[in-house]
Amino acid sequence: MRYYLVRLNPFQSHMDGTPEDINAVLGKARENGKGVIGMKIFGEGTHVTDEERERSIRYAVTESNLHCLALGLESVAQIDDAIERVMRNAKY
């Protein structure tokens, strides 16, 4: 299986297109058996308010075609916050 690392967030920050266009391409890749890893979930650190982090994580885990995320975090508190947000928004 091939894996693709893609920039995706709901704000279109540091991306190669709109979230809708990128997500559509990722859906086709996923249908074709490709693994999709999301990065720049917080827009390269430009969208880090509480509301923006929540929106970004919610988008990544419920509305996108990602298999997993790569988050750039700087502290244990940020790790704990990200885990809490993922667990709250994840669909099992």
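Here, the structure is the one placed above.
Computed from a predicted structure; not experimentally measured.

What counts, and where the lines are drawn
- Residues numbered from 1 in each chain as written.
- Predicted model: local features only at pLDDT ≥ 70, side-chain atom pairs only at ≥ 80, totals over all residues.
- Heavy atoms only, no water.
- Helix = DSSP H or I, 4+ residues; strand = E, 2+ residues; numbered from the N terminus.
- Buried < 20%, exposed > 50% of the residue type's maximum accessible area, 1.4 Å probe, protein only.
- Polar contact = N/O pair within 3.5 Å; in protein donor to acceptor, adjacent residues only side chain to side chain.
- Contact = heavy atoms within 4.5 Å.

Trainee: Pulling in residues and values, what's your account of the side chain of Asn89?
Mentor: Tracing the sequence through the fold places Asn89 in helix H3 (residues 76–89). Classification of Asn89 by relative accessible area gives buried; the value is 12%. There is a polar contact of 3.0 Å between the side chain of Asn89 and the side chain of Glu54. Within the structure, the side chain of Asn89 is placed 2.8 Å from the backbone oxygen of Arg85, a separation counted as a polar contact. Apart from residues no more than four positions distant in its own chain, Asn89 is found in contact with Glu54, Ile57, Arg58, Val61 and Thr62.

Trainee: Provide a residue-level description of unusual backbone geometry, including the pertinent values.
Mentor: The backbone phi angle of Gln12 is positive, close to 60°, even though this residue is not glycine. On the secondary structure map, Gln12 appears in the loop between strand S1 (3–7) and helix H1 (19–31). On the accessibility criterion, Gln12 (42% relative accessible area) is partly exposed.

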